[in-house]
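Descriptive structure summary
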Amino acid sequence: MSYGMTRDQALDLVRQHIETPNLIKHSLASEAVLRAMARRLGTDEEQWGLAGLLHDLDVERTADDLARHTHETVRILSERGLDAEIIEAIRLHNEEAHPDRRSSTFHHALAAGETITGLVIATALVYPDKKLASVKPKSVRKRIKEKSFAAGANRDIIRECELAGIPLDEFCELSLRALQDIAGDLGL
């Protein structure tokens, strides 16, 4: 199915709008987790992967202003004719900028999937070799319980994986494996 943009076009768009290497890596990580979630749930991997890849196009422009974050992304993607469901999931991954709330499996999956990437990567970075290959699923589960660790990774949003239909323990393992599969792209 066509969503108005290929994966290559989406990656080009990410590179046009995001300059910071770690933010580009976050987009790639989010894509990998969303694709893994889609496979697990039997949904459209391409649609969910595009949402993960494109969700933060305006992140550098809006900096830390959550009231503005996603508005520019929605405008850019709408002008390019991207699938409305993808745009809606992207819009609602940041509820602070909008009056409505996440209500679908896709919405919850994108929010949880993009949020857990920071926690998994932070877990890898505390290992001596700083490699995702060294991380075990139980380490990710343990770090979720440590609120001071990777404090920016909102645990309530990560737990939305359960609203998407994936138990938290399974989600931790699925996310870790997805990131391990692209460790070379992430430099980890």
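Residues numbered from 1 in each chain as written. Predicted model: local features only at pLDDT ≥ 70, side-chain atom pairs only at ≥ 80, totals over all residues. Heavy atoms only, no water.

**Some thoughts on the overall build of the protein**
Looking only at helices and strands, one finds 11 helices and zero strands in the protein. Tracing the protein from N to C terminus, the helices and strands come up as α-α-α-α-α-α-α-α-α-α-α. Considered along the principal axes of its C-alpha atoms, the protein spans approximately 45 × 35 × 30 Å. Long-range contacts, defined as pairs at least 24 residues apart, comprise 64% of the intrachain contacts of the protein with a sequence gap of at least 6. Accessible area for the protein stands at about 8700 Å²; split by element, carbon and sulfur atoms hold 49% of it. Between the averaged position of the 25 positive side-chain charges in the protein and that of its 31 negative side-chain charges there is a distance of 8 Å. (Helix = DSSP H or I, 4+ residues; strand = E, 2+ residues; numbered from the N terminus. Contact = heavy atoms within 4.5 Å. Areas by Shrake-Rupley, 256 points an atom, 1.4 Å probe, with all protein chains shown as cover. Lys, Arg positive; Asp, Glu negative; His and termini not counted. Charge placed at Lys NZ, Arg CZ, Asp CG, Glu CD.)

**As for the environment of Ser104**
Turning to its location among the elements, Ser104 is positioned in the loop between helix 6 (84-92) and helix 7 (105-125). Residue Ser104 is classed as partly exposed on the basis of its relative accessible area of 25%. Separated by 3.1 Å, the side chain of Ser104 and the backbone nitrogen of His107 make a polar contact. (Buried < 20%, exposed > 50% of the residue type's maximum accessible area, 1.4 Å probe, protein only. Polar contact = N/O pair within 3.5 Å; in protein donor to acceptor, adjacent residues only side chain to side chain.)

**Some remarks on the UniProt feature "domain: HD" (unreviewed entry) in the protein**
Cross-referencing UniProt, the feature "domain: HD" (unreviewed entry) maps to residues 24-98 in the present numbering. Between the end C-alpha atoms of residues 24-98 there is a gap of 24 Å, over a span that is 67% helix and 0% strand. (UniProt positions renumbered as here; feature names shortened; annotations may be inferred.)

**Section: the packing of helix 7 against helix 8 (residues 137-145)**
Following both chains from N to C, one finds helix 7 and helix 8 inclined at 110 degrees, their axes separated by 10 Å at the closest point. Here helix 7 lies roughly perpendicular to helix 8, going by the angle between them. Pair helix 7 / helix 8 crosses with right-handed handedness. Residues Leu119, Val120 and Thr123 of helix 7 pack against Ser139, Val140, Arg143 and Ile144 of helix 8. A breakdown of the residues in the contact of helix 7 with helix 8 according to their chemical character gives four nonpolar, two polar and one charged. (Axes fitted to C-alpha atoms, helices over the stretch in contact; angles between N-to-C directions. Parallel < 35°, antiparallel > 145°, perpendicular 65-115°, else oblique. Left-handed = near helix turned anticlockwise from the far one by under 90°. Nonpolar A, V, L, I, M, F, W, Y, C, P; charged D, E, K, R; others polar.)

**What about the packing of aromatic side chains?**
Enumeration over the complete set of coordinates arrives at one aromatic pair. Ring centres 5.2 Å apart and planes at 5 degrees place the aromatic pair Trp48 and Phe106 in the stacked group. Of the two residues, Trp48 sits in helix 3 (residues 45-54) while Phe106 sits in helix 7, which places them 58 residues apart along the sequence. A relative accessible area of 6% places Phe106 in the buried class. One Lys or Arg, Arg143, reaches over the ring of Phe149 and ends 4.2 Å from the middle of that ring. (Phe/Tyr/Trp six-rings, centres within 6.5 Å; stacked < 30°, edge-to-face > 60°. Lys NZ or Arg CZ within 6 Å of the ring centre and 35° of its normal.)

**Concerning the pattern of salt bridges**
Two side chains of opposite charge can pair, provided their charged atoms sit close to one another. Per the counting criterion, the structure on display carries 18 salt bridges. Across the pair Arg40 and Glu170 runs a salt bridge, and its minimum N-O distance is 2.3 Å. Separated by 130 residues along the polypeptide, Arg40 in helix 2 (residues 21-41) and Glu170 in helix 10 (residues 168-181) bring together distant segments of the chain. Classification of Arg40 by relative accessible area gives partly exposed; the value is 35%. Judged by its relative accessible area of 30%, Glu170 falls in the partly exposed class. The network of salt bridges with shared partners includes Arg7, Glu31, Arg35, Arg39, Glu45 and Glu46. (Salt bridge = Lys/Arg side-chain N within 4 Å of Asp/Glu carboxyl O.)

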